[in-house]
Amino acid sequence: MTSPSRFRVAGAPISWGVCEVPGWGTQLDVTTVLGQMAELGLGATELGPPGYLPTEPGALRALLSEYALGLVGGFLAVPMHTEPERARAAAEESAALLAECGAEVLVLAAATGLDGYDERPALDDRGWRALVTTAEEIQVLARRHGLRAVLHPHVGTHVEREDEVERFLADSSLPLCLDTGHLLVGGTDPVALARRHPARIGHVHLKDVRADLAGRVRAGELDYTAAVGQGLYVPLGDGDVDLAAMVGFVRAAGYPGWYVLEQDTVLGEHDTGDRPKRDTARSLAYLNDLVSRLPAG
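Heads up: these notes are all about the structure in this document. (Residues numbered from 1 in each chain as written. Predicted model: local features only at pLDDT ≥ 70, side-chain atom pairs only at ≥ 80, totals over all residues. Heavy atoms only, no water.)

**What about the overall build of the protein chain?**
As a reminder, the rule being used: Secondary structure elements are defined from DSSP: runs of H or I of at least 4 residues count as helices, runs of E of at least 2 residues count as strands, and each element is numbered from the N terminus. All radius of gyration figures rest on C-alpha atoms, and the globule criterion is 2.2 Å times the number of residues raised to 0.38. Throughout, exposure labels follow a simple rule: accessible area from a 1.4 Å probe, protein chains only, divided by the maximum for the residue type, with under 20% read as buried, over 50% as exposed, and the rest as partly exposed. Whether two residues are in contact is decided by their heavy atoms, any of which lying within 4.5 Å being enough. Each accessible area is a Shrake-Rupley estimate made with a 1.4 Å probe; only the visible protein chains count as cover when residues are assessed.
Counting secondary structure elements, the protein chain contains 11 helices and 10 strands. Compactness check: the protein chain gives a C-alpha radius of gyration of 18 Å against a globular reference of 19 Å for 297 residues, within 12% of the reference. For the protein chain, the spread of C-alpha atoms along the three principal axes comes to 50 × 45 × 45 Å. Burial analysis of the protein chain (297 residues in total) assigns 55% to the buried set. Contacts in the protein chain between residues far apart in sequence, at least 24 positions, make up 82% of those at least 6 positions apart. Counting only carbon and sulfur atoms, one obtains 49% of the accessible surface of the protein chain, whose full area is about 12000 Å².

**Some details on the side chain of Lys-207**
Our working definition: We define a polar contact as two N or O atoms separated by no more than 3.5 Å, with the added condition that, inside protein, one atom must be a possible hydrogen donor and the other a possible acceptor, whereas residues neighbouring each other in sequence contribute only through side-chain atom pairs.
Relative to the elements of secondary structure, Lys-207 occurs in the loop between strand E7 (201-206) and strand E8 (208-209). Side-chain polar atoms of Lys-207 contact the side chain of Asp-179, separated by 2.4 Å. A polar atom in the side chain of Lys-207 sits 2.3 Å from the side chain of Glu-262.

**Thoughts on the pairing of strand E6 (residues 176-179)**
Put simply, the rule reads: For two strands to be treated as a pair, DSSP must find no fewer than two bridges joining them.
By the alternation rule, side chains of E6 split into Leu-176 and Leu-178 and Cys-177 and Asp-179, which are all buried. When E6 meets E7, the two strands line up parallel, connected through 4 bridges. Across the sheet, Leu-178 pairs through a bridge with Val-204, a residue of E7.

**Side note on the packing of helix H10 (residues 243-252) against helix H11 (residues 274-293)**
For clarity, the threshold we go by: Helix axes are fitted only over the stretch in contact, all axes being lines through C-alpha atoms; the angle between N-to-C directions runs from 0 to 180 degrees. Any angle that is under 35 degrees is reported as roughly parallel, and any over 145 degrees as roughly antiparallel; angles of 65 to 115 degrees are reported as roughly perpendicular and all others as oblique. Take the far helix as the reference: if the near one is turned anticlockwise from it by less than a right angle, the crossing is left-handed, and if turned clockwise, right-handed. Residues were grouped as follows: Ala, Val, Leu, Ile, Met, Phe, Trp, Tyr, Cys and Pro as nonpolar; Asp, Glu, Lys and Arg as charged; and all remaining residues, including Gly, as polar.
Relative orientation of the contacting elements H10 and H11 amounts to 60 degrees, with a least axis distance of 11 Å. Considering their axes alone, H10 and H11 lie oblique with respect to each other. Pair H10 / H11 crosses with right-handed handedness. Contacts from Leu-243, Ala-244 and Val-247 of H10 reach H11 at Tyr-286, Leu-287 and Leu-290. Of the residues in the contact of H10 with H11, the class split is 6 nonpolar, no polar and no charged.

**Some words on unusual backbone geometry**
Look at Ala-68: it is not a glycine, yet its phi comes out positive at around 55 degrees. Secondary-structure assignment places Ala-68 in the loop between helix H2 (57-66) and strand E3 (70-78).

**A word on the packing of helix H4 (residues 125-144) against helix H5 (residues 162-171)**
Helix-helix packing is characterised by the crossing angle of the two axes and by the distance between the axes. Direction vectors running N to C along H4 and H5 enclose 55 degrees, while the axes themselves pass 11 Å from each other. By the angle between their axes, H4 is oblique relative to H5. H5 is crossed by H4, and the crossing has right-handed handedness. Of H5, the residues touching H4 (which contributes Asp-125, Trp-128, Leu-131, Val-132 and Ala-135) are Glu-164, Arg-167, Phe-168 and Asp-171. Looking at the contact of H4 with H5, its residues break down into 5 nonpolar, no polar and 4 charged.

**Points about the pattern of salt bridges**
What counts is decided by this rule: When a carboxyl oxygen of Asp or Glu is within 4 Å of a side-chain nitrogen of Lys or Arg, the pair counts as a salt bridge.
For the structure on display, the rule yields 22 salt bridges. Of the charged contacts, one joins Glu-166 and Arg-196 as a salt bridge, the two residues approaching to 2.7 Å between their closest N and O atoms. In this pair, Glu-166 sits in helix H5 while Arg-196 sits in helix H7 (residues 190-196), placing the two residues 30 residues apart along the sequence. Arg-216 is paired through a salt bridge with Glu-221; the nearest N and O atoms lie 3.8 Å apart.

**Quick word on the pairing of strand E5 (residues 148-151)**
Where strand E4 (residues 105-110) meets E5, 4 bridges bridge the pair, whose relative direction is parallel. Within E5, the residue paired with Leu-106 across the bridge is Ala-149.

**Concerning the packing of aromatic side chains**
This is how the line gets drawn: Aromatic contacts are taken between Phe, Tyr and Trp rings whose centres are within 6.5 Å, Trp giving its six-membered ring; a plane angle under 30 degrees counts as stacked, one over 60 as edge-to-face, and the others as tilted. Cation placement over rings: the criterion is NZ of Lys or CZ of Arg within 6 Å of the ring centroid and within 35° of the ring normal.
Tallying each qualifying case throughout the model produces 3 aromatic pairs. Note on Tyr-224 and Tyr-233: the rings are 6.4 Å apart at their centroids and 70 degrees apart in plane angle, and the pair reads as edge-to-face. Ring centres of Tyr-255 and Tyr-259 lie 5.3 Å apart, and the angle between their planes is 85 degrees; this geometry places the pair in the edge-to-face category. On the basis of relative accessible area, Tyr-255 is assigned to the buried category, the value being 12%. Of the residues examined, Tyr-259 reaches a relative accessible area of 3% and is grouped as buried. Taking NZ or CZ as reference, Lys-207 lies 5.7 Å from the ring centre of Tyr-233, over its face.

**Considering the environment of Gly-17**
Checked against the element boundaries, Gly-17 lands in the loop between strand E1 (8-10) and helix H1 (30-40). Look at Gly-17 and you get buried, because its relative accessible area is 0%. Gly-17 sits 247 residues away from Asp-264 along the chain, and the two C-alpha atoms are 6.7 Å apart. Dropping the residues within four chain positions of it, Gly-17 is found in contact with Trp-24, Thr-26, Gln-27, Thr-265 and Leu-267.

**Some points on H2**
Since the α-helix packs 3.6 residues into each turn, any two residues three or four apart lie on the same face. The cut-off we apply is this: By arc we mean the arc of the directions from the helix axis to the C-beta atoms, nothing more.
For H2, the set of buried residues is Pro-57, Leu-60, Leu-63 and Leu-64. The buried side chains of H2 occupy one side of the element, clustering within an arc of 130 degrees when seen end-on. In H2, the exposed positions that point more than 90 degrees away from the buried face belong to Ser-65 and Glu-66. Where the residues of H2 are buried, they touch H1, strand E2 (44-46), E3 and helix H3 (84-100). Looking at where H2 begins, the residue whose side-chain oxygen comes 3.0 Å from the main-chain nitrogen of Gly-58 is Glu-56. Just downstream of H2 lies Ala-68, where phi reads positive at about 55 degrees.

Coordinates in, geometry out; function isn't part of it.
Right under this line is the structure:
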């Protein structure tokens with residue numbers, strides 16, 4: 001299966017259930033995940049959880065080369081509001097590895113300091129100012145490594161809801177990782193956000209979401225992890241995100257970066273990877289068809 005023309009399409013280990021959250025579910029081995037990405041024709045991957053892929057640049061380059069995969073970037077969820085020095089150190093380490101392996105983007109999330117994404121303590125104005133300042137400092141260090149830093153609005157972090165996304169855009173110069181799933185779960189229409197801020201699109205994660213489960217997460221009726229386990233994320237085209245409008249607008253706006261198929265998945269103890277591979281194949285087929293129907297340009 002080939003990736004859509006004019007689009008650079010990548011995968012992420014979380015689509016195979018590989019996650020940094022303790023107790024998330026079965027964690028598939030690297031050979032299964034990268035092997036299936038290669039079989040599907042994906043061009044690259046994100047890093048996945050810290051330590052899942054090799055942290056020595058030569059070993060990481062060799063491993064990815066074995067599967068003919070590039071490296072897009074990496075997701076780094078750190079508490080920027082309380083431990084700025086540790087956040088900067090973690091970002092420096094991550095940026096150095098990404099740069100040496102040809103990546104383009106450091107994907108930041110404003111972690112709360114708690115494990116997982118099911119609870120979210122309040123953040124006061126002082127904490128918010130510290131968060132923004134630290135994010136700006138990380139952007140500077142990322143640039144020194146030839147990377148762009150983006151802020152990923154994410155469920156269970158301090159930039160989740162629409163008002164927080166807009167506040168961050170007003171207070172910070174960082175572009176966003178436009179994650180169609182997390183934005184919708186947090187109450188933001190990703191298409192409307194992209195139209196309001198086309199110049200702030202720095203990276204794209206493509207997800208599709210069941211609006212009924214997303215609404216229950218927003219209302220506090222269902223924990224995020226439980227919702228993922230119940231099928232919050234579905235193959236592209238099976239959910240309630242207007243992906244045709246999203247991809248069409250981002251493409252027309254001249255976004256040059258990667259489109260990462262990244263659908264959070266929880267696997268049971270007997271899962272072997274067949275379901276993630278099948279779901280990702282369906283998403284790729286949908287994306288191919290969607291792109292073929294968009295105006296040329």
